[in-house]
Amino acid sequence: MSTASGRDGSGRDGSDRGDSGRTVPGRGASGRTASAHSAPARSAPGRTASVPTPTRSAFRRAFDALSAPVATRANALHAGAWWLWALGLAVAASRTTNPLLLGLIVGVAGYVVAARRTDAPWARSYGAFVKLGLFVVALRVLFSVFLGSPIPGTHLLFTLPEVPLPDWAQGVRIGGRVTAEQVLFAVYDGAKLATLLICVGAANALANPARLLKSLPGALYEAGVAVVVAMTFAPNMVADVVRLRTARRLRGRPTGGVRAVLQIGLPVLEGALERSVAVAASMDARGYGRTAHVPASVRRTTNVLTLGGLLGICAGSYGLLAAEGAGYGLPLLGAGLLAAVAGLRLGGRRTVRTRYRPDRWGARSWLVAGSGVAVAVLMIRANAYAPEALHPGVVPLAAPELPLLPALSILVGLVPAFVAPVPEENP
């Protein structure tokens, strides 16, 4: 029987086929791999063969290295980096009263919190800090209206009944004239304080307080416990209030009004007491407070280095911020930092504790912390070349202007929204 055209004596096609009848690429009629001298395979009509190039591969590797990965326990950002970033924004807010720049700082902090916060209880406290900031602005305006202000003004809004005061209370008044200039000055002043509170709220929403405590030096561990407990009180209280209001809403009970607030307040205080007892029990079970014996000379040296280093840091910081102390400020700050670090290292010998899987300060932590420090430094520098734009006047009344360079400096604080690991809840 003769074979069909295109088949060999074994009855197979000129190309090997698998069980599904598909041609195995790269093989010829004898089943051997095509040689390097064979003609290149033609692409299907209408398609372009994608050939990877070294430039494209390098670009892809660089993009993967810079893009933010999904947050895990191994690559989680150091809690101290979030606090340095937030403190940098707070320092920038303290250097201006321009409401446009302050609003930009709040927007930067809010965008980073929305992009990188988790579903943990402490991460829900940012909204409470924003409301607290608005309350501070309103309170500052009320104080200016009822207690007066030294700011002169010509645009009279209204006049309140003035309470006569004795002679020894000169300079203080209750009631009287209320001008637009004094109200605007109070808004500027209250907005600066509100922005500082919102920056602290951003750090509370992004940094895990337990991991921050674990990263503290041994000499600061006891003081760090008190600070962490104080920092976590507000977020935990906000979480308790939300939980209790949700439970009352599900039961058909009112969640607003004075009566509802009083009924919610007692369970909140009870929950705070239970948490305090649980923290005390866990600290006692872990041997908290045990110290190692160190010689008296080491203790005295530690105290001298730590106290002297802190004084040097304070004096150096004042010198850097003051115009006439720029010459001695930086050397004094450096010496104070070295002395304080040496004192903390010596003081850490008294604390006997170990760390399980310590957090590492990686490249992304440096980028996040460095962005906050850069914002603070650039805003301090902006006070030298644009003081009028950073501190707009209220007499005469004029709309504040947005200076370009300080605004671009604040936008550097958006770096964590692109380099910090992305939580699983915010893909």
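Heads up: the structure comes first, above all this text.
Predicted model only: the values in this text are computed from it and were never measured.

**With respect to the overall build of the protein**
Secondary structure summary: the protein contains 14 helices and two strands in total. Counting all 427 residues of the protein, 31% fall into the buried class. Put simply, 75% of the contacts in the protein that link residues at least 6 apart link residues at least 24 apart. On the protein, roughly 26700 Å² of surface is accessible, and the fraction owed to carbon and sulfur atoms is 65%.

**A word on the side chain of R116**
Position of R116 relative to the elements: it lies in helix α3 (residues 99-116). By relative accessible area, R116 is classed as buried at 10%. A distance of 2.8 Å separates a polar atom in the side chain of R116 from the backbone oxygen of A420.

**Observations concerning the environment of A202**
Mapped onto the elements, A202 comes out in helix α5 (residues 180-206). In this structure A202 comes out as buried when scored by relative accessible area, which is 1%. With near-sequence residues (within four places) excluded, A202 lies in contact with W85, A109, V113 and Y126.

**So, the packing of helix α2 (residues 79-94) against α5**
When two helices pack together, their arrangement is given by the angle between their axes and by how far apart the axes lie. Following both chains from N to C, one finds α2 and α5 inclined at 175°, their axes separated by 9 Å at the closest point. Taken together, the axis directions place α2 and α5 in an arrangement best described as roughly antiparallel. Residues W82, W83, W85, A86, L89, A90, A93 and S94 of α2 form the contact with α5, whose participating residues are K192, T195, L196, C199, V200, A202, A203, N204 and L206. Within the contact of α2 with α5, the residues separate by chemical class into 13 nonpolar, three polar and one charged.

**Considering unusual backbone geometry**
With an omega dihedral of -5°, the bond running from V395 to P396 counts as a cis peptide bond. Mapped onto the secondary structure, P396 falls in the loop between α12 (387-390) and α13 (404-411).

**Structural notes on the nonpolar core**
Counting 41 residues, the largest nonpolar core has W82, W85, L89, I105, Y126, V368 and M379 as its most contacted members. At the level of secondary structure, the elements contributing two or more residues to this core comprise α2, α3, α5, α11 (363-385), α13 and α14 (416-419). The biggest single contributor to this core is α2, with ten residues. Residues in contact with I105, not counting those within four places in the same chain, are L89, A92, A93, T195, C199 and I410. V145, V178, V183 and A186 belong to the second largest nonpolar core, which has five residues in total.

**Side note on the pattern of salt bridges**
Counted according to the given criterion, the structure contains one salt bridge. Here R140 and D189 are joined by a salt bridge, their closest N and O atoms 3.3 Å apart. Placement of the pair is R140 in helix α4 (residues 126-147) and D189 in helix α5, with a sequence separation of 49 residues. Owing to a relative accessible area of 24%, R140 belongs among the partly exposed residues under this scheme.

**So, the packing of aromatic side chains**
Under the criterion given, the structure shown has two aromatic pairs. Centre to centre, the rings of W82 and W85 are 5.9 Å apart; their planes meet at 80°, and the pair counts as edge-to-face. With a gap of three residues between them, W82 and W85 both fall in helix α2, about one helical turn apart. By relative accessible area, W82 is classed as buried at 6%. Arranged with centres 5.6 Å apart and planes meeting at 70°, the rings of W361 and W366 form a pair that is edge-to-face.

**A look at the packing of α2 against α11**
Relative orientation of the contacting elements α2 and α11 amounts to 10°, with a least axis distance of 8 Å. Comparing the axis directions of α2 and α11 gives the class roughly parallel. In the crossing of α2 with α11, the sense of the turn from one axis to the other is left-handed. Where α2 approaches α11, its residues A81, W82, L84, W85, G88, L89, V91 and A92 are matched on the opposing element by S365, V368, A369, S371, G372, V375, A376, M379 and I380. When grouped by side-chain class, the residues that make up the contact of α2 with α11 number 13 nonpolar, four polar and no charged.

**A look at a nonpolar patch on the surface**
Residues L132, F135, L139, L142, F143, F146, L147, V163, L165, V172 and I174 make up a contiguous nonpolar surface patch of roughly 950 Å² in combined accessible area. For the nonpolar patch, the leading source of residues is α4, giving seven residues. Note on placement: V163 falls in strand β1 (residues 156-163).

**What to know about α3**
For α3, built from 18 residues, the straight-helix expectation of 26 Å at 1.5 Å per residue is met to within 8% by its first-to-last C-alpha distance of 26 Å. Listed in full, the buried residues belonging to α3 are L101, L102, I105, V108, A109, G110, V112, V113, A115 and R116. For α3, the capping residue at the N-terminal end is N98, with a side-chain oxygen 2.9 Å from the backbone nitrogen of L100.

Reading guide: rules and limits
Residues numbered from 1 in each chain as written. Predicted model: local features only at pLDDT ≥ 70, side-chain atom pairs only at ≥ 80, totals over all residues. Heavy atoms only, no water. Helix = DSSP H or I, 4+ residues; strand = E, 2+ residues; numbered from the N terminus. Buried < 20%, exposed > 50% of the residue type's maximum accessible area, 1.4 Å probe, protein only. Contact = heavy atoms within 4.5 Å. Areas by Shrake-Rupley, 256 points an atom, 1.4 Å probe, with all protein chains shown as cover. Polar contact = N/O pair within 3.5 Å; in protein donor to acceptor, adjacent residues only side chain to side chain. Axes fitted to C-alpha atoms, helices over the stretch in contact; angles between N-to-C directions. Parallel < 35°, antiparallel > 145°, perpendicular 65-115°, else oblique. Nonpolar A, V, L, I, M, F, W, Y, C, P; charged D, E, K, R; others polar. Core = buried A, V, L, I, M, F, W, Y, C linked by side-chain atoms within 4.5 Å. Salt bridge = Lys/Arg side-chain N within 4 Å of Asp/Glu carboxyl O. Phe/Tyr/Trp six-rings, centres within 6.5 Å; stacked < 30°, edge-to-face > 60°. Left-handed = near helix turned anticlockwise from the far one by under 90°. Patch = residues over 30% accessible without salt bridge, like charges linked within 9 Å, V, L, I, M, F, W, Y side chains within 5 Å. Expected span 1.5 Å × (residues − 1).

Worth remembering: the numbers are spatial, not functional.
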